[in-house]
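Here are the chains, one letter per residue:
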Amino acid sequence: MSEEDFSLVSTATAQGLDGSVLSPLDSIRKEIEKYKEICDQIITDQNDLRNDRDKLQQMTEEFKLRSVKLKQQCQDEEVERSLTLDTDKEKLAELQLEEQKLQEEAERLQTELRHVDEMNQQLKQETQVTTAVPERKVVFTGATGEEGSSSFDMNPRIVYPMEGGTALITFEDEEVAQKILSMKYHDVQLGECSIRLEARPVQLLMPSYIEVETHVSNRRILVSNLPKDVEESRLLDKLELFFSKSRNGGGEVESLELLHDSGTVVITFLEDTIAKRLTDMENHTVELLGKKYRLRVTPFLNGKIIDLQTRVSESRRTVQLVGIPNIMEEDNMQDNLEIHFQKSSNGGGEVDAFLYSPPGKTALAVFEEDSPESA
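Remember, predicted model here, so these are calculated numbers, not experimental data. (Residues numbered from 1 in each chain as written. Predicted model: local features only at pLDDT ≥ 70, side-chain atom pairs only at ≥ 80, totals over all residues. Heavy atoms only, no water.)

**Quick look at the packing of aromatic side chains**
Phase 1 of the analysis: A full pass over the atoms with the stated rule returns two aromatic pairs.
Phase 2 of the analysis: Here Y160 and F367 contribute two aromatic rings whose centre-to-centre distance is 5.8 Å and whose plane-to-plane angle is 75°, an arrangement assigned as edge-to-face. Taken as a pair, Y160 in strand 3 (residues 157-162) and F367 in strand 12 (residues 363-368) lie far apart in primary sequence, 207 residues in all.
Phase 3 of the analysis: For the pair F242 and F243, a centre-to-centre distance of 5.0 Å together with 85° between the ring planes defines the contact as edge-to-face.
Phase 4 of the analysis: Of the residues examined, F242 reaches a relative accessible area of 14% and is grouped as buried.
Phase 5 of the analysis: For F243, a relative accessible area of 0% corresponds to the buried category. (Phe/Tyr/Trp six-rings, centres within 6.5 Å; stacked < 30°, edge-to-face > 60°. Helix = DSSP H or I, 4+ residues; strand = E, 2+ residues; numbered from the N terminus. Buried < 20%, exposed > 50% of the residue type's maximum accessible area, 1.4 Å probe, protein only.)

Right, here's the structure in full:
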């Protein structure tokens, strides 16, 4: 046998798709192509998966960015809401404070309104008080006053305290008083001795402005148009009896007082409602000693000084003498001094009034206004 190469050849054969018999090589090639297709498909799938993964990663990054933005936006909105809430709270607090102030202002205004109403009611009552004295007939004398003025004349009576060893002398003529003051020192002969006196001006503290606050009394009334032919005690008894009866509109009487200057009676009741009831009726018919009288009942005004201003005024006709010694009886001293200052040779003149306060004693002198024009 000759030496030759031999290879193993499979005797099995493969068939193609068409049923033909394929050689082993063709079969292998076929298998390779098949697996190649499978490999290509796998690579394609891998590429697709890689692309999908990249897309997913990109989407993830985008979502992360969006999440961060949304989170930041939410935080910003939360801060803004918080600031807005704080601002709203401040505005609410301001509105509540303003509402409280307005409420307090409204309450204050209501209180003032009630006070004004009370004042109006009081002024209305006082306006209804046409007069607090008995009715009198009046005539026009030609004098006029300023429009809208509301005032009354008052004659002041000044009480002047005198020390001991002094005297007050009022001359009829103002020039005489001023002459005595200008001479200042005066030698007065008293029997065998002589005394030296000093003449000083009299300065008085007088009211220059008075403001009086008045209000209608709740318990007092003023009764006028009283008969003049009835005894005072009997008149007061009859008035108390009449005005204490409820059928006459009265009530329990606390006190009665007759004002002699005006001829009226002030009646004070224990209760507050009686006075107004009687003044609303105004006219009351009262029987006294078998005769009927028509009495007038008006409100009683209480007054309180709320402002008083004073000024110093010098008496023009009165001179004060000081330095009078205690060397004779009071009456004799007064007579001698008055005689001395009546003589024109001593600078004096007619004496209108003379008051002497001896040493060791005090006296009160009353000064009245000379005339409306005098100081």
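**Comments concerning unusual backbone geometry**
Phase 1 of the analysis: Positive phi outside glycine occurs at K184, with the angle close to 65°.
Phase 2 of the analysis: Residue placement: K184 occurs in the loop between helix 2 (174-183) and strand 5 (185-190).
Phase 3 of the analysis: Its relative accessible area of 36% is what places K184 among the partly exposed residues.
Phase 4 of the analysis: One non-glycine residue with positive phi stands out, namely E282, at about 65°.
Phase 5 of the analysis: Turning to its location among the elements, E282 is positioned in the loop between helix 4 (274-281) and strand 9 (283-288).

**Examining helix 2**
Phase 1 of the analysis: V176, A177, I180 and L181 are the residues of helix 2 that are buried. One face of helix 2 carries all of its buried residues, which in axial projection span an arc of 135°. Within helix 2, the exposed residues directed more than 90 degrees away from the buried face are E175 and S182.
Phase 2 of the analysis: Against strand 4 (166-171), strand 5, strand 6 (193-224), strand 10 (291-322) and helix 5 (330-342) lie the buried residues of helix 2.
Phase 3 of the analysis: Taking the backbone nitrogen of E175 as reference, a side-chain oxygen 3.1 Å away marks D173 as the first, capping residue of helix 2.
Phase 4 of the analysis: Phi turns positive, to about 65°, at K184, one or two residues after helix 2. (Arc of directions from axis to C-beta. Contact = heavy atoms within 4.5 Å. Polar contact = N/O pair within 3.5 Å; in protein donor to acceptor, adjacent residues only side chain to side chain.)

These values are about where atoms sit, not about what they do.
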